[in-house]
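Notes for the structure review
Each chain, letter by letter, is given below.
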Amino acid sequence: MAKVRGAIVVDTERCKGCELCVGACPTDVIGMEEEVNSKGYHYAYMKNPEACTGCVNCAIICPDGVISVYRVKTS
Amino acid sequence: MAEITLDQIIQPENLVYTKSRIMTDTVLHYCPGCGHGTAHRLLAEVIEELDLQADTIGVAPVGCSVLMYNYMDVDMQEAAHGRAPALATAIKRLMPEKFVFTYQGDGDLAAIGTAETIHACNRGENITILFINNGIYGMTGGQMAPTTLPDMKASTCPYGRDVRMMGNPLKITDIVATLPGSYYVTRQSVHTPGNVRKAKKAIRKAVEYQKRNQGTCFVEIVSNCNSGWKMTPADANQWLEENMLPFYPLGDLKVPEE
Amino acid sequence: MGELRLMKGNEAVAEAAIRAGADGYFGYPITPQSEVMEYLMAEKPHERTGMVVLQAESELAAINMVYGGAACGKKVMTSSSSPGISLMQEGISYIAGAELPCLLVNVVRGGPGLGTIQPAQSDYFQAVKGGGHGDYRLITLAPASVQEMSDFVKLGFELAFKYRNPVMILSDGAIGQMMEKVELFDPVPRSKEILPWATTGKTPDRERNIITSLDLDPKRQEDFNLKLQKKYGEIEEKEVRYEKIQCDDAEYLFVAYGTSSRVVQKAVQLARSRGIKVGLFRPITLWPFPSKEIFAMTGQVKGILSVEMSAGQMVEDIRLAVKGKIKVDYYGRMGGIIPTPDEVVEMLEKKIIGG
Ligand SMILES: Cc1ncc(C[n+]2csc(CCOP(=O)(O)OP(=O)(O)O)c2C)c(N)n1
Ligand code: SF4
Ligand code: SF4
Ligand code: SF4
């Protein structure tokens, strides 16, 4: 069965830790890193990467445009 | 079949979304979660998709977005508080073949710049106006705006907006829609992914319609100001949905007759 | 010889704008200069040259339209009279701060407040000392005839683009309204040149152009101010303009500009008929002010009378120029009253010769 798999890449230095991407993800992929970036913000990361479908919700809600999304169809 | 690895997914050919090249690499100065960034990005994407970079002249007046010219890789002018539609009027009339937009806050567009807004729209200037309504004066630290809701708190109405004393919130977009010079008038928001998608479609129309030379295209974006509202970004978006949207309902107010 | 016409000063401004190849005029009606836009609209400049003429909703909008057009590198202008120019001040400061070229015409009327629609020269300080906020200067040209109303439109645009600075023609209601013969200059076509700094759309061959007066970094803001001051210094060095009338043998000197200088020219004749050797020094640029040239007269003349239709504004610049070397006094009328040559001679005798 064809399955869609996605992944996100966060520009962690530019992430402001607003967490809007966390709430926007339908499959609960994103978490906030304990570590902070050089500006002092906790940044987003894929805490649950297998669940990502590449739906881009997180990327389009991100006010700072720091998320890139990749998607493949596997069979 | 072997599981596909992240490294295999994260390959250039699989890229489905990344920041528009019309956005520069400068870090936005906006507070975390502020809708200004999202609105900028949508406009940038539309300019990129319609291949308008070489034709675009933008105007951003005083307000939190005064430094928009640092983020958009297009020619831009910085205007005095409230006056962007006057600048845009002249730009478009002198160079009718260009794409001209203004990007204005609610204090800017609906208080100090009310006359310029109404008259540009009433003359039917062929410009596109993006109006960010966050119900507050963001840049100056959260004072009451013309759009502040009844009973909503702001630093110059710390006990809430008493409409008998401070006047009523102004639905300027509704007024703009009644003017013969406006062509496309819509109210959108960017607080959920679904709304972002709709807002982008609206912005795209407002940009594309400028080519028709039929009048002013006006997109209000109901947005947040988590700093001014003193909320987390997620709470602010929730509050926006529960309080702003009933007063400023989303949807088209005026659409072209096809 | 160019085309000769009998015109009002305000009409001459309008005709000169079209002939100078102006791209845009944005204005709002106010007496005593409404003929500028009326003439333009009647001439259909959109057909003659493609020039845009728009009646704005206010002077506030008009000056910001000028900003928008100037930022595209276009030849744009506005005209107004005193209260309207007051309303424009924020915009003028922005234009100076963004280093944009444009032409502003103030056909001055008496103030303060709504004042009167009669001529005055009481906006001198506003024009030459700033007017709006911040450290900036307007190149200020003072026409004394309908001919100069026309000529200074062309000169004003040239200076504005040469220095990327707003230029003001500081006229008054008398010159705006008076009819005189004018020799019109030959029309020049509107420029098609795309200026490298102008916002005309970012093409792949260049970085984006940004027009702004904002810089929140104190060091950079100070550096920018120093750069402006340097430019103003250069203008003071190179662009001073004035006229000396019967000054060669003068023992006394009138200084006057615009309408006052026309009255004073008659006063010079009158005084000389009574044996008083007096000349007229007429500043044409009020900023840059001809300070050095007036100082140079202090070796020759015994005293200076500044004649102005104000409570005494230019006299302050004359006093600064002569550095206390000789006596300087002022005579003027206000409220829309133009002084008479008789009054002026009488005051020279009383305040300077006798005093
Ligand atoms: C003539 C003038 N008056 C006041 C100000 C101060 N000021 C700057 S931004 C602003 C309000 C901006 O609010 P809004 O337009 O709603 O934009 P936001 O910052 O919320 O995005 C004010 C009052 C100014 N710059 N110029
Ligand atoms: S692309 Fe979709 S599924 Fe993947 S992290 Fe973003 S929101 Fe979640
Ligand atoms: S939405 Fe963007 S800025 Fe906010 S936490 Fe997520 S990645 Fe960071
Ligand atoms: S103050 Fe408000 S509007 Fe301004 S950047 Fe912060 S959240 Fe956005």
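Residues numbered from 1 in each chain as written. Chains lettered and ligands numbered in written order. Predicted model: local features only at pLDDT ≥ 70, side-chain atom pairs only at ≥ 80, totals over all residues. Heavy atoms only, no water.

From N to C terminus, chain C includes 14 helices and 15 strands. In terms of overall dimensions, chain C is globule-like: its C-alpha atoms have a radius of gyration of 21 Å, near the 20 Å expected for 355 residues. Along the first, second and third principal axes, the C-alpha atoms of chain C reach 70 × 50 × 40 Å. For chain C, the proportion of its 355 residues judged to be buried stands at 60%. Within chain C, counting contacts between residues at least 6 apart in sequence, those at least 24 apart form 78% of the total. For chain C, the centre of its 42 positive side-chain charges and the centre of its 45 negative side-chain charges are spaced 3 Å apart. (Helix = DSSP H or I, 4+ residues; strand = E, 2+ residues; numbered from the N terminus. Rg over C-alpha atoms; globule rule 2.2 N^0.38 Å. Buried < 20%, exposed > 50% of the residue type's maximum accessible area, 1.4 Å probe, protein only. Contact = heavy atoms within 4.5 Å. Lys, Arg positive; Asp, Glu negative; His and termini not counted. Charge placed at Lys NZ, Arg CZ, Asp CG, Glu CD.)

Let us look at helix 2 (residues 35–49) of chain B. Residues and elements named next belong to chain B. Given a rise of 1.5 Å per residue, 15 residues ought to cover 21 Å, and the 21 Å separating the end C-alpha atoms of helix 2 matches this to within 8%. For helix 2, a buried count of 13 out of 15 residues is recorded, marking the element as mostly surrounded by other parts of the structure. At the C-terminal side of helix 2, Asp51 shows a positive phi close to 55°. (Expected span 1.5 Å × (residues − 1).)

We now examine the packing of helix 11 (residues 258–273) of chain C against helix 14 (residues 341–353) of chain C. Residues and elements named next belong to chain C. One way to put it is that helix 11 packs onto helix 14 with a least axis distance of 8 Å and a crossing angle of 60°. Judged by the angle between their axes, helix 11 and helix 14 are oblique. Crossing handedness for the pair helix 11 and helix 14: right-handed. Taken together, the residues of helix 14 that come into contact with helix 11 (itself represented by Val263, Val264, Lys266, Ala267, Leu270 and Ala271) are Pro341, Asp342, Val344 and Val345. For the contact of helix 11 with helix 14, the residue count by class is 8 nonpolar, no polar and 2 charged. (Axes fitted to C-alpha atoms, helices over the stretch in contact; angles between N-to-C directions. Parallel < 35°, antiparallel > 145°, perpendicular 65-115°, else oblique. Left-handed = near helix turned anticlockwise from the far one by under 90°. Nonpolar A, V, L, I, M, F, W, Y, C, P; charged D, E, K, R; others polar.)

Let us look at the pattern of salt bridges. With the rule as written, the count across this model stands at 44 salt bridges over all chains. In this structure, Arg21 of chain B and Glu48 of chain B form a salt bridge, with 3.7 Å as the shortest nitrogen-oxygen distance. With Arg21 of chain B in the loop between strand 1 (15–17) and helix 2 and Glu48 of chain B in helix 2, this pair connects stretches of sequence that are 27 residues apart. We classify Arg21 of chain B as partly exposed; its relative accessible area is 48%. Among the residues examined, Glu48 of chain B registers a relative accessible area of 30% and is labelled partly exposed. A salt bridge links Lys238 of chain C to Glu234 of chain C; the shortest N-O distance between them is 3.0 Å. With Lys238 of chain C and Glu234 of chain C both in helix 10 (residues 218–238) and 4 residues apart, the pair spans about one turn of that helix. Overall, Lys238 of chain C belongs to the exposed group, its relative accessible area being 51%. The network of salt bridges with common partners includes Arg41, Glu45, Glu49, Lys200, Arg204 and Glu208 of chain B. (Salt bridge = Lys/Arg side-chain N within 4 Å of Asp/Glu carboxyl O.)

Turning to the site of ligand 2, a few remarks are in order. Residues and elements named next belong to chain A. Close contacts around ligand 2 come from 14 residues, with Cys25, Cys52, Cys55, Val56 and Cys58 the closest. More than half of the atoms of ligand 2 fall within 2 Å of the grid points belonging to the second largest cavity. Its residues assigned to classes, the shell around ligand 2 comprises 10 nonpolar, 4 polar and no charged. (Near = heavy atom within 4 Å. 1 Å grid on protein atoms, 1.4 Å probe; cavity = no way out; pocket = protein on both sides within 12 Å on 5 of 7 lines; lining within 4 Å. Sits in = over half its atoms within 2 Å of the grid points.)

Before going further, it helps to spend a moment on the interface of chain C and chain B. Where interface size is given, it is often the accessible area lost as the parts come together that is meant. Contacts between the two partners involve 34 residues from chain C and, on the opposite side, 35 residues from chain B. For the pair chain C and chain B, the summed buried surface comes to about 2700 Å²; carbon and sulfur atoms form 60% of the total. The largest share of the area that chain C buries against chain B comes from Glu57, Lys202 and Arg208 of chain C, three residues that together contribute 23% of it. Between the two partners, chain C and chain B, sit 3 salt bridges. A salt bridge links Asp75 of chain B to Arg206 of chain C; the nearest nitrogen and oxygen atoms lie 2.7 Å apart. (Buried area = accessible area lost by both parts, 1.4 Å probe.)

All names here are of chain A. Inspection of every chain in the model, using the stated rule, returns 5 cavities of 30 Å³ or more. Space inside the largest cavity adds up to approximately 100 Å³. Around the largest cavity, the lining comprises 15 residues; the ones closest to its centre are Cys15, Cys18, Cys21, Cys62 and Val66. Its residues assigned to classes, the lining of the largest cavity shows 11 nonpolar, 1 polar and 3 charged. Classifying every residue of the lining of the second largest cavity by side-chain character gives 9 nonpolar, 4 polar and no charged. (Points joined across faces, edges and corners; volume = space filled by probe spheres on them.)

Residues and elements named next belong to chain C. With an omega of -5°, the peptide bond between Gly111 and Pro112 qualifies as cis. Inspection of the secondary structure assignment puts Pro112 in the loop between strand 5 (102–108) and helix 7 (124–128). Omega for the peptide link from Trp287 to Pro288 comes to 0°, which places this bond in the cis form. Tracing the backbone through its elements, the reader meets Pro288 in the loop between strand 13 (285–287) and helix 12 (291–296). Of note, the phi angle at Arg164 is positive, near 45°, even though the residue is not glycine. Summarising the element assignment, Arg164 is placed in the loop between helix 8 (146–163) and strand 7 (166–172). Using a relative accessible area of 24% as the deciding quantity, one classes Arg164 as partly exposed. The phi torsion at Lys323 lies on the positive side, around 50°, for a residue other than glycine. Within the element layout of this structure, Lys323 appears in the loop between helix 13 (314–322) and strand 15 (327–332). Owing to a relative accessible area of 63%, Lys323 belongs among the exposed residues under this scheme.

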